[in-house]
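# Structure at a glance
Residues per chain, in single letters:
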Amino acid sequence: MAKPSDWLERVRENIVDPERSIIDAHHHLWPDPEHPYELADLWQDTGSGHRVEKTVFMEFRPEYSHQTDSATERGINETRDAAKYAAQARVEADRDGHSDETMVAQIGAIVGYADLTEVDGLSDTLDAHELAGDGLFRGIRNVANWHADEGVRNGYTDPPPDLYAREEFRAGVELLGKRNLSFDAWNYHTQIKGLAELAQTVPQTMIVLDHLGGPLGIGPYRGLHDSVFAEWCEDIERLAQCENVVVKLGGLTMPLTGFGWHRRDFPATSDELVQAHSRFYAKAVNVFGVDRCMFESNFPVDKLSVSYHVLWNAFKKFAKRYTQTEQDALFGGTARRVYRIR
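Rules used throughout
- Residues numbered from 1 in each chain as written.
- Predicted model: local features only at pLDDT ≥ 70, side-chain atom pairs only at ≥ 80, totals over all residues.
- Heavy atoms only, no water.
- Buried < 20%, exposed > 50% of the residue type's maximum accessible area, 1.4 Å probe, protein only.
- Helix = DSSP H or I, 4+ residues; strand = E, 2+ residues; numbered from the N terminus.
- Arc of directions from axis to C-beta.
- Contact = heavy atoms within 4.5 Å.
- Core = buried A, V, L, I, M, F, W, Y, C linked by side-chain atoms within 4.5 Å.
- Polar contact = N/O pair within 3.5 Å; in protein donor to acceptor, adjacent residues only side chain to side chain.
- 1 Å grid on protein atoms, 1.4 Å probe; cavity = no way out; pocket = protein on both sides within 12 Å on 5 of 7 lines; lining within 4 Å.
- Points joined across faces, edges and corners; volume = space filled by probe spheres on them.
- Nonpolar A, V, L, I, M, F, W, Y, C, P; charged D, E, K, R; others polar.
- Axes fitted to C-alpha atoms, helices over the stretch in contact; angles between N-to-C directions.
- Parallel < 35°, antiparallel > 145°, perpendicular 65-115°, else oblique.
- Left-handed = near helix turned anticlockwise from the far one by under 90°.
- Salt bridge = Lys/Arg side-chain N within 4 Å of Asp/Glu carboxyl O.

### Topic: helix α2 (residues 39–46)
- Considered for burial, the residues of α2 that qualify are L39, L42, W43, D45 and T46. For α2, the buried positions fall inside an angular range of 160° around the axis, keeping them on one side. Residues of α2 that are exposed and angled more than 90 degrees away from the buried face: A40 and Q44.
- Next to the buried residues of α2 lie β1 (21–27), β2 (51–58), α3 (71–94) and α9 (308–319).

Laid out in structure tokens, this is it:
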């Protein structure tokens, strides 16, 4: 998944505002034999200079470690694995020589996978996640990213094009709200209108939009950054009117956004990232407000293009335009509230 470390190390920067407390609102862990990213890898990244104290574990392809179970069982087992990672982190943090939380960032919340269309058994599935999560389970992500063009890859669950509109799916998202659980939405910018319609039907459920709604820059959108941004702005303004929606600022270094960072001889600097991505961050903060925005690394997916310390430098440089109180919300306060991180 990630570029070789020597490629990433071609750009090394001094850490901006190293004392700022951070909650990384979105990362993955997996034991995939070809591209593993496990707890030690996460700690290497979170310990690269920034003060990352807590993180949010996000589901991703649970079949990597549980190939023989049903999809429901794989999701539950992934939540159980995440809880074990969190327990291991707590032990490491208490050991001599490992008291610095920038070296052993603590997993403060877990978002698992469940098929929200399976309404009949969903309560039992959520009960199982709650038990497996050891007090850290906070919600479900059931990816919806779909596009008709073959140049845009669909989500790993192969979602249908109308997932957000399906009655059974909406019932599943509604049940999350009744149980004080959130729904993480991963879709492309072409689906933001559909997410807004979903959010209006389930006003009691907290919905978290991942990766700024996935503005595409590949397939039929290659080279059309300005027109995509204009369309994205219009739809993001509509979504922001739904008070039960918050948004994660990140994910823009993924190849699907079309910036091409992963193809360069040298990785991007934080200044280059700020110049290319700021208009998306600024628009989101403008329409949602800092109390409904949070920064995320999306590691190790974004590690294909950028190192951890450079990415968070870029976030910090962008955020200098805001007050210290507003930065506190963006770098941790919003994530702490939404995911109930202690």
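There's plenty left to go through after this.
### Description of the nonpolar core
- Formed by 95 residues in total, the largest nonpolar core has its most connected members in F183, L212, W232, L239, L249, F295 and L330.
- Sort the elements by how many residues they give to this core and α9 lands first, with 8 residues.
- Setting aside residues no more than four positions away along its own chain, W232 makes contact with H189, I192, L212, P215, F280, K283 and A284.
- Counting residues in hydrophobic clusters, the runner-up holds 13 residues, among them V111, M294, V338 and Y339.

### Thoughts on the side chain of Q106
- The residue Q106 is located in strand β3 (residues 106–112) in this model.
- There is a polar contact of 3.2 Å between the side chain of Q106 and the backbone oxygen of A89.

### So, empty space enclosed by the protein
- If you walk through the whole model with that rule in mind, you get 2 cavities of 30 Å³ or more.
- One number sums up the size of the largest cavity: a volume of about 40 Å³.
- When its residues are assigned to classes, the lining of the largest cavity shows 5 nonpolar, 2 polar and no charged.
- Size it by volume and the second largest cavity reaches roughly 30 Å³.
- Lining the second largest cavity, in full, are T72, A114, D115, E118, L122 and T125.

### Side note on the layout of surface pockets
- If you add up the space inside the largest pocket, you get close to 610 Å³.
- Taken together, 24 residues make up the lining of the largest pocket; nearest its centre are F60, R153, M254, L256 and V301.
- Class assignment for the residues of the lining of the largest pocket results in 13 nonpolar, 7 polar and 4 charged.

### Structural notes on the packing of α3 against helix α4 (residues 122–132)
- The N-to-C vectors of α3 and α4 enclose an angle of 20°; their axes lie 8 Å apart at closest approach. In terms of orientation, α3 and α4 fall into the roughly parallel class. Of the two possible hands of crossing, α3 and α4 adopt the one that is right-handed. Between α3 and α4, the residues in contact are T72, G75, I76, T79, R80 and A83 and T125, A128, H129 and A132, respectively.
- For the contact of α3 with α4, the per-class residue count stands at 4 nonpolar, 5 polar and 1 charged.

### As for the pattern of salt bridges
- Tallied over the entire structure, the rule returns 17 salt bridges.
- Across the pair D226 and R279 runs a salt bridge, and its minimum N-O distance is 3.0 Å. You can see D226 sitting in helix α7 (residues 225–240) and its partner R279 sitting in helix α8 (residues 270–288), a full 53 residues away along the chain.
- Residue class for D226 comes out exposed when judged on its relative accessible area of 56%.
- By relative accessible area, which is 33% here, R279 ends up partly exposed.
- Residues joined by salt bridges that share partners form a network here, namely E59, R141, D184, D210 and K248.

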